[in-house]
Number of protein chains: 2
Amino acid sequence: MSMDLLIEKIVEMKNPTVAGLDPKLDYVPEYILKEAFAASDDPLEAAANALLQFNKGLIDELCDIVPAVKPQAAYYEMYGWQGVRALARTIAYAHEKGMYVITDGKRNDIGTTMEAYAAAHIGKTAVGDQMIAAFGGDCLTVNGYLGSDGIKPLLKMCKEYDKGIYVLVKTSNPSSGELQDQKIGDRSVYEVMGEMCEKWGEEVPGKYGYSAVGAVVGATYPSQLEELRAKMPHTFFLVPGYGAQGGGAKDVSYAFDKRGLGAVINSSRGIMCAYKKAGVDEHDYAKAARAEAIRMREDILGAIGDISL
Amino acid sequence: MSMDLLIEKIVEMKNPTVAGLDPKLDYVPEYILKEAFAASDDPLEAAANALLQFNKGLIDELCDIVPAVKPQAAYYEMYGWQGVRALARTIAYAHEKGMYVITDGKRNDIGTTMEAYAAAHIGKTAVGDQMIAAFGGDCLTVNGYLGSDGIKPLLKMCKEYDKGIYVLVKTSNPSSGELQDQKIGDRSVYEVMGEMCEKWGEEVPGKYGYSAVGAVVGATYPSQLEELRAKMPHTFFLVPGYGAQGGGAKDVSYAFDKRGLGAVINSSRGIMCAYKKAGVDEHDYAKAARAEAIRMREDILGAIGDISL
């Protein structure tokens, strides 16, 4: 089961973090841009190739110390189908290097349309007599506003191909409370969503206590993180908001159980742009990313203690 | 303003409908499949080319009678980046033929990530000193679960490029009520979302009374459609659920105001697969789609009366 696989990688590397690959052209070193734009006359293709090269360099330096990467679909789509091709190739390269891939797409729809998204990102598409993994991620982030009709097609794919999902429960942004904190009786909207995750997860249990249905819970609301950890004992958390968005190691520590399991903490800009912050030569961007990934791991391990199955 | 443009096209054609382009390979006539698979060894490329050919035929027959098309991103993503290229080319072709394009992606995220989605689908991406429309739709469907942080980047793009959005309010699926019908005080979750749409819309008003912030409201819940039409006087509705999902002309009529404006009704399978239902030669699939589009227009006009500005 896919969440089991992530847990095993986390324990093996003693590192409950994921590197977000949300590459804007601004983040990419000049030397990579120059090479990519010299090689293609199509600006979107050149941009997309630059992102892919940038990602490959990061993956090479991170793959032995960070269990997972999380490419954010938006940053690829903005460079058109050429960018989306770079997303597919990034996922394939991360897999070649043994990394676990969470495709951050926050997809949502119903019925056959949701089946299409599920096939695209964590399943396979039937073409003639072949079954083809179009993007081939291990996990997909999704939005549960449409209810069970939007989630069940994913559960089917999770079972068939050993994959997982993360449902948005409580997001890290300032306005997340406009809807998510509203009260339905004595529960907030995000609690209702959390309960649905626990229920959906019953269909796809995992061997370490966490189902294939995870939840996105932001680091910027630590008290809610603590509350949800207690109320959602079978739901693994994907936690954005560490670093650039303001969450610290102590804040994210509430997402973990007593074994040091239960969550994976994301850092995107912190890792991708470490070389800018450190002021090192741009050719060393990936080494700077590695140093930041190690610092982040130690920071979080310091707050949660050991990790064991 | 983009919603004004759609309204003008609807009035000009006396047709408040949109043709959903959600092409599965199963829907595509054999002769198109044969040609596409003979021309390429890459199964995803062949599949994507078949979808594009299928769409072009539909667009050719619909462009003088139907104001808009709505390609659903999921059905393209399932064929990988090759499918996403077919999406981009479908949008470009629909524009060549003068059609309005609603990209159905139900995208959602926050901050710079939402800016990236907005740039990708309704805005432009900066590459060097060029600004490039990566997909170039006129409107994008979005999910508002994350609150204003997820919508504001879109409003900026709506203003800058005369574009629009449709926010999921009340969806057409059986389980939509699991969250959307829950009560927050004396209002349901979908009413709260509807009120947010009205508020977001204030920033981007239109000259016919409807803002650039539309809402997705399903045809399968007519009483809620009527209720929301009254409560959201400045919000244009995109209404799925007609035909295949069970909604009839009377059901969708509640989405309209006294001028016969206020909504655009979607039909996907009904139009795309009309040739199968009619039992005509597959070479006439586009003509059958045209006949069904005319039948649908007359059906809906019969229920709402005339359309005028």
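Residues numbered from 1 in each chain as written. Chains lettered and ligands numbered in written order. Predicted model: local features only at pLDDT ≥ 70, side-chain atom pairs only at ≥ 80, totals over all residues. Heavy atoms only, no water.

Residue and element names in this part refer to chain B. The terminal C-alpha atoms of helix H9 (residues 189-201) lie 18 Å apart, and with 13 residues this matches the ideal 18 Å at 1.5 Å per residue to within 8%. Most of H9 sits out of view: eleven of its 13 residues are buried. Inspection of H9 places Val-189, Tyr-190, Glu-191, Val-192, Met-193, Gly-194, Met-196, Cys-197, Glu-198, Trp-200 and Gly-201 among the buried residues, and these make up the whole buried set. (Helix = DSSP H or I, 4+ residues; strand = E, 2+ residues; numbered from the N terminus. Expected span 1.5 Å × (residues − 1). Buried < 20%, exposed > 50% of the residue type's maximum accessible area, 1.4 Å probe, protein only.)

So, about the packing of helix H3 (residues 43-62) of chain A against helix H5 (residues 80-96) of chain A. Residue and element names in this part refer to chain A. Close contact between H3 and H5 brings their axes to 8 Å; oriented N to C, the two are set at 20°. By the angle between their axes, H3 is roughly parallel relative to H5. Pair H3 / H5 crosses with right-handed handedness. Residue-level contacts link Leu-44, Glu-45, Ala-48, Leu-52, Asn-55, Lys-56, Ile-59 and Asp-60 of H3 to Gly-80, Gln-82, Gly-83, Arg-85, Ala-86, Arg-89, Thr-90, Tyr-93 and Ala-94 of H5. When the residues that make up the contact of H3 with H5 are grouped by side-chain class, the tally is seven nonpolar, five polar and five charged. (Axes fitted to C-alpha atoms, helices over the stretch in contact; angles between N-to-C directions. Parallel < 35°, antiparallel > 145°, perpendicular 65-115°, else oblique. Left-handed = near helix turned anticlockwise from the far one by under 90°. Contact = heavy atoms within 4.5 Å. Nonpolar A, V, L, I, M, F, W, Y, C, P; charged D, E, K, R; others polar.)

Next up on the list: the relation of the copies chain B and chain A. A rotation about an axis combined with a shift along that same axis relates the two copies of the chain. With an axial shift of 0.0 Å and an RMSD of 0.0 Å, the rotation relating chain B to chain A amounts to 180°. Those values place the two copies in the arrangement expected of a two-fold rotation axis. Taking C-alpha positions as the reference, the residue of chain B nearest the rotation axis is B:Ile184, at 2.4 Å. Looking at chain B, 100% of its interface residues are interface residues in chain A too, so the copies touch through the same face. (Least-squares fit on C-alpha atoms with pLDDT ≥ 70 in both.)

Attention now moves to the pairing of strand S6 (residues 139-142) of chain A. Residue and element names in this part refer to chain A. By the alternation rule, side chains of S6 split into Cys-139 and Thr-141 and Leu-140 and Val-142, which are all buried. Across three bridges, strand S3 (residues 100-107) lies against S6 in parallel orientation. For Ile-102, the partnering residue across the bridge sits in S6 and is Cys-139. Judged from the four bridges that link them, S6 and strand S7 (residues 164-170) form a sheet pairing that is parallel. Looking across to S7, one finds that Cys-139 is bridged to Gly-164. Once you follow S6 into helix H7 (residues 148-161) and on to S7, the crossover reads as right-handed. (Pairing = 2+ DSSP bridges. Right-handed = clockwise from strand over helix to strand, strands pointing away.)

What follows deals with the sheet that holds strand S12 (residues 263-267) of chain B. Residues and elements named next belong to chain B. Strand order around the closed barrel formed by eight strands is S1-S2-S3-S6-S7-S10-S11-S12, with parallel pairing between neighbours. The sheet shows a mean angle of 30° between the axes of neighbouring strands, taken without regard to direction. Bridge count for strand S11 (residues 237-239) against S12 is three bridges, and the pairing is parallel. For Leu-238, the partnering residue across the bridge sits in S12 and is Val-264. The sheet strands contacting helix H14 (residues 285-304) are strand S1 (17-21) and S12, and the helix crosses S12 at an angle near 140°.

On to the confidence of the model for chain A, then. Predicted confidence across chain A gives a mean pLDDT of 96, with 100% of residues reaching 70 or more. This prediction of the complex comes with two scores: 0.97 for pTM and 0.96 for ipTM. (pLDDT = per-residue confidence, 0-100.)

A separate point is helix H2 (residues 30-39) of chain B. Residue and element names in this part refer to chain B. Considered for burial, the residues of H2 that qualify are Ile-32, Leu-33 and Ala-36. Down the axis of H2, the sector holding all buried residues measures 100°, keeping them to one side. Residues Lys-34, Glu-35 and Ala-38 are exposed on H2 and point more than 90 degrees away from its buried face. Next to the buried residues of H2 lie helix H3 (43-62) and H14. (Arc of directions from axis to C-beta.)

The full count for this structure, using the stated rule, is three cavities of 30 Å³ or more. What the largest cavity holds in volume is close to 100 Å³. Every residue lining the largest cavity is counted, 15 residues in all, and those nearest its centre are A:Glu77, A:Val84, B:Glu77, B:Val84 and B:Arg107. Mapped by element, the contributors of at least two residues to the lining of the largest cavity are helix H4 (73-77) and H5 of chain A together with helix H4 (73-77) and helix H5 (80-96) of chain B. (1 Å grid on protein atoms, 1.4 Å probe; cavity = no way out; pocket = protein on both sides within 12 Å on 5 of 7 lines; lining within 4 Å. Points joined across faces, edges and corners; volume = space filled by probe spheres on them.)

Another aspect to go through is the interface of chain B and chain A. In this assembly, 69 residues from chain B lie in contact with 69 residues from chain A. A combined buried area of about 5,300 Å² lies between chain B and chain A, and 60% of that area is made up of carbon and sulfur atoms. Three residues stand out in chain B for area buried against chain A, namely B:Trp81, B:Tyr145 and B:Leu179, and they jointly supply 15% of the buried area on that side. Counting across the interface, chain B meets chain A through four salt bridges. (Buried area = accessible area lost by both parts, 1.4 Å probe. Salt bridge = Lys/Arg side-chain N within 4 Å of Asp/Glu carboxyl O.)

Taken as a whole and judged by the stated rule, the model has seven aromatic pairs over all chains. Relative to B:Tyr285, the ring of B:Phe54 has its centre 4.9 Å away and its plane inclined at 20°; by these criteria the two rings are stacked. Taken as a pair, B:Phe54 in helix H3 and B:Tyr285 in helix H14 lie far apart in primary sequence, 231 residues in all. The exposure classification of B:Phe54 matches that of B:Tyr285, with both residues buried. Among the aromatic side chains, those forming a connected cluster through ring pairs are A:Phe54, A:Tyr275 and A:Tyr285. Over the ring of B:Tyr221 we find B:Lys170; its NZ or CZ atom is 4.3 Å from the centre of that ring. Geometry around B:Phe237 places B:Arg229 over its ring, the cationic atom sitting 4.0 Å from the centre. (Phe/Tyr/Trp six-rings, centres within 6.5 Å; stacked < 30°, edge-to-face > 60°. Lys NZ or Arg CZ within 6 Å of the ring centre and 35° of its normal.)

What follows concerns the sheet that holds S7(A). All names here are of chain A. Around the barrel, eight strands lie side by side as S1-S2-S3-S6-S7-S10-S11-S12; this closed barrel has parallel pairing. Put simply, the sheet's adjacent strands are angled 30° from each other on average, direction ignored. As judged from the five bridges shared by S7 and strand S10 (residues 213-217), these two strands associate in the parallel manner. Bridge assignment links Tyr-166 to a residue of S10, and that residue is Gly-214. The strands that helix H9 (residues 189-201) touches are S7 and S10; relative to S7, the one it contacts most, it runs at about 160°. Against the sheet, helix H10 (residues 222-231) engages S7, S10 and strand S11 (237-239), with an angle of about 170° to S11.

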